[in-house]
Amino acid sequence: MTVYEQLIPEYINYWFEVGWPKFIRVFWFFVLFEFTRYILLDHLIYLVKWIQKPGTSKGYEWAKRKLFIENPFVSIIIPGKNEGENLYKLTKSLAEQTYTNFELIIVDDGSDDNTPLIGRNLEKRGLIDLFLRNQVRGGKASAANLALQYAKGEYIVHLDADCSFDMDAIEQVLIPFFLDTRIGAVGGNVKVRNAEESLCARLQSIEYLKTVFVGRIITSHLGIYKIISGAFGAFRRDVLDQVGGWDIGPGLDGDITIKIRKSGYKIYFQSKAICLTSVPKTFKRLTKQRLRWDKSIVRFRVRKHRDVYLPNANFRWSNFFALFENVFYNIVLDLTWIIYMIDVFMNYNSQLSFIIPMNFTLYVAMGYIQFIAVLLFTERRKEEVKLWKYIPLMTIYTGLYLRLVRTTAYYKEFFFKRSYEDVWNPTKSSKMARRFGF
Amino acid sequence: MFELIQLKPNTPKLLRYEREGLEVIVLEKVQDVHFYDVAKYDGVLVQTQRRREATEILHEIRANTNPVISLKPVFLSSTLPGYSGISYLFDGTYSDAEFAVRIQSIKEINRRLKETKIDIGLVNYDTSLIQQTLKFCYSRGISLEPQRNRNSAIGFSYPFLSSVIEEKDSIRILKLLDQFSKVGYFAKQTVDVIQGCKKCSGGYLNYRETCPRCSSRDLKTEDLIHHFSCAHIAPESVFRKEDHMECPKCDKKLRHIGIDYDKPSAVYTCNSCDHEFQNAKIKALCVDCGHDNELHQLQRFSISNYELTPMGEHAAKYGMYEIHEKPVTSKPKCISLAMFGMFRKQEIERLNNTDTISWEGSIKLNSEMIKGFGENQQQLIREEVQNIISEYLHKADLITSASACWYRFILFDKDEEMAMKIGELVQNNVTKLLNDGLNDHTHDIELLVTSLKTENDRV
């Protein structure tokens, strides 16, 4: 045995010995779906964007100039419940913005804490332009719609109260509207602010960088970007009026994005419009959040908007692929992964000692390669590179934990429509939404 | 028995109660107050069926500059409609059946009025007014109870005072009463709190919802409707379709509140500037001066019941000395014994060349309790007693004290009666301090007030 062979672990040498055909046969799930989508595609897109960069930069500068010349009035709306303690910080963050021609509308959706007091006070001090309160809670969608009702801006920027923003965030999220008139909505780039607070938050920080940041750059470039985060998104007012505003959630941000796509508008992801948000610090709270999010994939992308898969007058390939990619990589591959696991355990039971470590190695390696993609795209390279040591844990986080949560959510939603029972929405609204298929 | 007589045609009737030797004048017109010498009668009955006439007669009597008239017992015919609104102006009502009772009341008021003596040295109008008020309360045995009165700027009237002070200036009554309560003539008990205009203190305020942006009162308010099934929310008018309501977003009919929709809140729209808001700014327009007050600018006044204290009763009977106009700055300062001696000597020399008299007072407290106190506590008592003495002295007068138990003071240019009165007041209040403040009932106070003109230099 050579020195070189001695340095490489036995389970890797094993795969060199058996050759590529068997490697692909055993790790078909990784090779077919994960590697192609998350490695090949990501880097291919990066390459394309890198090549196109000089051209887009020119268009971008022109759009920016046009934004400031036209100086459209913008309404920033923030619906929420019990968000009082976040409001002052939020107003401070917005006061720093480079784009200033906006009004700030806060909707308090039946808070039972001191939010009304804080909101009224900020309104009196002129830090909020309009503070609206629903005495009776109606849910986030109705709160957003109420803000929309009184918004006077040409563009509506929807934010979450617990977020903070880069000082050019509003400017950046508006610029794409001046790049292409067919853009109906722009998604901001949501990153994690509290990564230092727990391991759970650090893992989410990496996840956000991979799926929200790089993931959405890729889908946006391919024209299949399908979710504008509720935390930070900008919409053309006329487009929102056209689609009737927000429908009942959970998952109303994804729903409205699809509605806008179906209306024939483009959706754009603006990676330069940076918003920082606080993510759940514990796995218990994270599980609750993800169950809610994942149920909405079934509710909206499989059930409510199933018409995008059907050949009708409104059919568009881009919409089809946007939802199909999402449903395929989440729901279909979730089931396929179970089949894959059965396949491995039934056919290669005796070689598990070589398969499991190799599988882990592959995912860790893929994690680092994806992380390289993150570092290639990001503007916060120095801060985010520090997360590198947590990449190996992402295999367990995304490969097992999130997959398990996701599968549970799909099961509950498919068979029991549990999203309509979520306390996130008032029962009165969920009941009627279920009855009328919203 | 009593008889009702009319001496001459077109003159007021008189009610004579021979056994008691009482004569009461019956006034029917406001002119009668001027034409006839009301002061010489024992009381007044107001006999008219016109409220305005009655009010004017009562005002003329109570606001009369002659205290003999202003404090006169006055009764109003119980047949006058709506007399309760002016009840602060008279002592009671009468009817034919109640004459005997009222005669007793008149007798009693007059008897108590006779107990009160003339004012001493009252040159200040406010003090004089309060002196009259004290006498009024004492003679009637009543406290100053606020009575609701929509004509008063503060919404309340006080017996006697409100007939003297103009209704638009009613806030002055509160200030006066509070000022003299602090001195100790009245015990104050708050019964209500009112808000007054920042500019004129008027209590007639019109609270209005205004636009927070342009202050316009032209506002429109509308309920918001939240349609459950599609989460659409908009003003009610947006949902209105002739005879039913329909959601403009999903075209569904809204049938049942609580099932299909609810009304989570309401929104104002300003018809002047189109501003939309949920919290209208409340402003208070002063009906009297027209000033539009922000709520936080409004003044707060407490409306209280003012009851005569023993000190107040004493002042009613024996008179007040004008000492309260500037209670802090007008007090005489306590000087050293040596300086006191020097001033005393000079004053004796001065008195030898003039006709005026000055008085020297001396108070000795024979209290074992005080003597047993430490130095600090003795000093506190000393300051307290000096304060009490200075309350009754003119700012030009002098005080000194050698210890917590011995005090001397000089009263410049006073007549004997006033000097004795001041001495008595000082003694009473120092006794009260020792009794109530220190709970020392074994003490003995020696008071000596002597004329400096006849005294030899003793320091």
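In this text the structure is predicted, and so the values were computed from the model without any measurement.

A. Looking closely at the overall build of chain A. Across its full length, chain A holds 17 helices and eight strands. Expressed as lengths along the three principal axes of its C-alpha atoms, the size of chain A is roughly 80 × 50 × 50 Å. Put simply, 81% of the contacts in chain A that link residues at least 6 apart link residues at least 24 apart. Split by element, the accessible area of chain A, about 20000 Å² in all, is 61% carbon and sulfur. With 60 positive and 43 negative side-chain charges, chain A shows a separation of 3 Å between the mean positions of the two kinds.

B. Spotlight on the overall build of chain B. In terms of regular secondary structure, chain B is built from 13 helices and 26 strands. For chain B, whose C-alpha radius of gyration is 32 Å, the value lies well above the compact-globule estimate of 23 Å for 459 residues. Its C-alpha atoms give chain B principal-axis dimensions of about 110 × 75 × 40 Å. Partitioning the intrachain contacts of chain B with sequence separation of at least 6 by distance along the chain shows that 64% fall at a separation of at least 24. Taking the average place of the 59 positive charges on the side chains of chain B and the average place of its 65 negative ones, the gap between the two points comes to 2 Å.

C. Focus on the sheet that holds strand β19 (residues 281–286) of chain B. Residues and elements named next belong to chain B. As summarised here, the arrangement of the three strands in space is β10-β19-β20, forming an open sheet in which the pairing is antiparallel. Edge positions in the sheet fall to β10 (205–210) and β20 (292–294), since each of these pairs with one other strand and no more. Adjacent strand axes in the sheet meet at a mean angle of 35°, parallel and antiparallel pairs treated alike. Sheet analysis places β19 next to β20, joined by three bridges and oriented antiparallel. Residue L285 lies in a different strand from β20, and its bridge partner there is D292.

D. The arrangement of the packing of helix α5 (residues 125–140) of chain B against helix α7 (residues 171–183) of chain B in detail. Residues and elements named next belong to chain B. Contact geometry of α5 with α7 gives a least axis separation of 11 Å together with a crossing angle of 80°. As judged from the angle between their axes, α5 and α7 are roughly perpendicular. Where α5 approaches α7, its residues Y125, D126, T127, L129 and I130 are matched on the opposing element by R172, L176, L177 and F180. Residues belonging to the contact of α5 with α7 are distributed by class as follows: six nonpolar, one polar and two charged.

E. The state of the cysteines, seen in detail. Evaluated as defined, the whole model comprises zero disulfides over all chains. Its sulfur unpaired, C214 of chain B is 3.5 Å from the next cysteine sulfur, which belongs to C270 of chain B.

F. Seen up close, the environment of K283 of chain B. All names here are of chain B. With respect to the helices and strands, the residue K283 is situated in strand β19. Expressed as a C-alpha distance, the spacing of K283 and T210, which sit 73 residues apart in the sequence, is 6.8 Å. Beyond its immediate chain neighbours, meaning those up to four positions away, K283 contacts N206, Y207, R208, T210, S215, D292, N293 and E294. Here S215 takes part through its side chain, which lies 3.3 Å from a polar atom of the side chain of K283.

G. Focus on the pairing of strand β2 (residues 102–109) of chain A. Residues and elements named next belong to chain A. Within β2, eight of the eight residues are buried, which leaves it mostly tucked inside the rest of the structure. Side chains F102, L104, I106 and D108 of β2 all project onto a buried face; the interleaved residues E103, I105, V107 and D109 project onto the opposite face, where all are buried too. Alignment of strand β1 (residues 74–80) against β2, held across seven bridges, turns out to be parallel. Opposite I78, over in β2, you have I106 as the bridge partner. The sheet contact formed by β2 and strand β3 (residues 130–134) spans five bridges and is parallel. In the sheet register, D109 faces β3, and the bridge partner there is N134. After leaving β2, the chain enters helix α6 (residues 115–124) and then returns to the sheet as β3, a path that is right-handed.

H. Region of interest: the interface of chain B and chain A. Listed by partner, the interface residues are 24 residues for chain B and 28 residues for chain A. Here chain B packs against chain A, burying approximately 2100 Å² in sum over the two surfaces, 57% of which is carbon and sulfur. The largest per-residue losses of area from chain B upon contact with chain A belong to S229, I233 and Q278 of chain B, which jointly make up 23% of the total buried on that side. Counting every contact that joins chain B to chain A gives three salt bridges. Where K428 of chain A meets D262 of chain B, a salt bridge forms, and the shortest distance between an N and an O atom there is 2.5 Å. In this structure, the connection of chain B to chain A is made through eleven residue pairs in polar contact (both at pLDDT 80 or more). Going through the elements one at a time, β11 (219–227), β12 (232–235) and β18 (276–277) of chain B are the ones with two or more residues in the side of chain B that touches chain A. With four residues, the single largest contributor to the side of chain B that touches chain A is β12 of chain B. Split by residue class, the side of chain B that touches chain A holds 13 nonpolar, six polar and five charged.

I. Region of the structure containing the packing of aromatic side chains. Residues and elements named next belong to chain A. Throughout the structure, instances matching the rule amount to 40 aromatic pairs over all chains. Between Y411 and F415, the ring centres sit 5.3 Å apart and the planes meet at 55°, which makes this aromatic pair tilted. Taken together, the residues Y411 and F415, both in helix α16 (residues 391–416) and four residues apart, mark about one turn of the helix. A relative accessible area of 47% places Y411 in the partly exposed class. The ring of Y329 has R37 sitting right over it, with the charged end atom 5.9 Å from the ring centre. The positively charged end of K191 is found above the aromatic ring belonging to F213, 4.5 Å away from the centroid.

J. Representation of the domain arrangement of chain B within the structure. Assigned domains of chain B: these are domain 1 (1–115), domain 2 (212–279) and domain 3 (334–451). When each unit is reduced to the centre of its C-alpha atoms, the spacing between domain 1 of chain B and domain 2 of chain B is 65 Å.

K. View of the packing of helix α11 (residues 252–262) of chain A against helix α13 (residues 317–347) of chain A. Residues and elements named next belong to chain A. Relative orientation of the contacting elements α11 and α13 amounts to 160°, with a least axis distance of 10 Å. As the angle between them shows, α11 and α13 are arranged roughly antiparallel. As for the relative orientation of α11 and α13, their crossing is left-handed in sense. For the pair α11 and α13, contact is made by I258, R261 and K262 and by S318, N319, A322 and L323, respectively. For the contact of α11 with α13, the per-class residue count stands at three nonpolar, two polar and two charged.

L. Summary view of the side chain of S216 of chain B. Residues and elements named next belong to chain B. Residue placement: S216 occurs in the loop between β10 and β11. At 2.7 Å, the side chain of S216 forms a polar contact with the side chain of S272. Beyond its immediate stretch of four places on either side in the chain, S216 contacts E209, T210, C211, C270 and S272.

M. Main features of the pattern of salt bridges. The final tally for this structure, using the stated rule, is 51 salt bridges over all chains. With a closest N to O distance of 3.1 Å, D247 of chain A and K259 of chain A form a salt bridge. With D247 of chain A in the loop between α10 (237–243) and α11 and K259 of chain A in helix α11, the pair connects residues that are twelve residues apart, well separated along the chain. Note on accessibility: D247 of chain A and K259 of chain A belong to one class, buried. Here D178 of chain B ties to K188 of chain B by a salt bridge, and the two come within 3.2 Å at their closest N and O atoms. Within this pair, whereas D178 of chain B is found in helix α7, its partner K188 of chain B is found in strand β9 (residues 186–196), the two being separated by ten residues in sequence.

N. Spatial organisation of the environment of K417 of chain A. Residues and elements named next belong to chain A. Of note, K417 is situated in the loop between α16 and α17 (427–436). In the structure, K417 is positioned 118 residues away from R299 in sequence and 7.7 Å away in space, judged by C-alpha atoms. If near-sequence neighbours (up to four positions away) are discounted, K417 is found in contact with R303, K412 and R434.

O. Local environment of helix α5 (residues 84–95) of chain A. Residue and element names in this part refer to chain A. With twelve residues, α5 should reach 16 Å at 1.5 Å per residue; the first-to-last C-alpha distance of 17 Å fits that figure. Listed as buried for α5 are G84, N86, L87, L90, T91, S93 and L94. In a view along the axis of α5, the buried residues occupy a sector of 160°, so they form one face of it. Of the exposed residues in α5, the ones pointing more than 90 degrees away from its buried face are E85, K89 and A95.

P. Summary view of the nonpolar core. If you look at the biggest cluster of nonpolar residues, it comprises 75 residues, and the most contacted ones within it are I105, L132, F235, W246 and I260 of chain A. Broken down by element, the residue count for this core peaks at eight residues, all from helix α9 (residues 199–222) of chain A. In this view, I260 of chain A contacts G184, A185, F235, V239, V243, Y265 and I267 of chain A; residues no more than four positions away in its chain are not counted. C137, I194, W359 and I399 of chain B belong to the second-largest nonpolar core, a separate cluster that totals 59 residues.

Conventions used here
Residues numbered from 1 in each chain as written. Chains lettered and ligands numbered in written order. Predicted model: local features only at pLDDT ≥ 70, side-chain atom pairs only at ≥ 80, totals over all residues. Heavy atoms only, no water. Helix = DSSP H or I, 4+ residues; strand = E, 2+ residues; numbered from the N terminus. Contact = heavy atoms within 4.5 Å. Areas by Shrake-Rupley, 256 points an atom, 1.4 Å probe, with all protein chains shown as cover. Lys, Arg positive; Asp, Glu negative; His and termini not counted. Charge placed at Lys NZ, Arg CZ, Asp CG, Glu CD. Rg over C-alpha atoms; globule rule 2.2 N^0.38 Å. Pairing = 2+ DSSP bridges. Axes fitted to C-alpha atoms, helices over the stretch in contact; angles between N-to-C directions. Parallel < 35°, antiparallel > 145°, perpendicular 65-115°, else oblique. Nonpolar A, V, L, I, M, F, W, Y, C, P; charged D, E, K, R; others polar. Disulfide = S-S within 2.5 Å. Polar contact = N/O pair within 3.5 Å; in protein donor to acceptor, adjacent residues only side chain to side chain. Buried < 20%, exposed > 50% of the residue type's maximum accessible area, 1.4 Å probe, protein only. Right-handed = clockwise from strand over helix to strand, strands pointing away. Buried area = accessible area lost by both parts, 1.4 Å probe. Salt bridge = Lys/Arg side-chain N within 4 Å of Asp/Glu carboxyl O. Phe/Tyr/Trp six-rings, centres within 6.5 Å; stacked < 30°, edge-to-face > 60°. Lys NZ or Arg CZ within 6 Å of the ring centre and 35° of its normal. Domains from an automatic or database assignment. Left-handed = near helix turned anticlockwise from the far one by under 90°. Expected span 1.5 Å × (residues − 1). Arc of directions from axis to C-beta. Core = buried A, V, L, I, M, F, W, Y, C linked by side-chain atoms within 4.5 Å.

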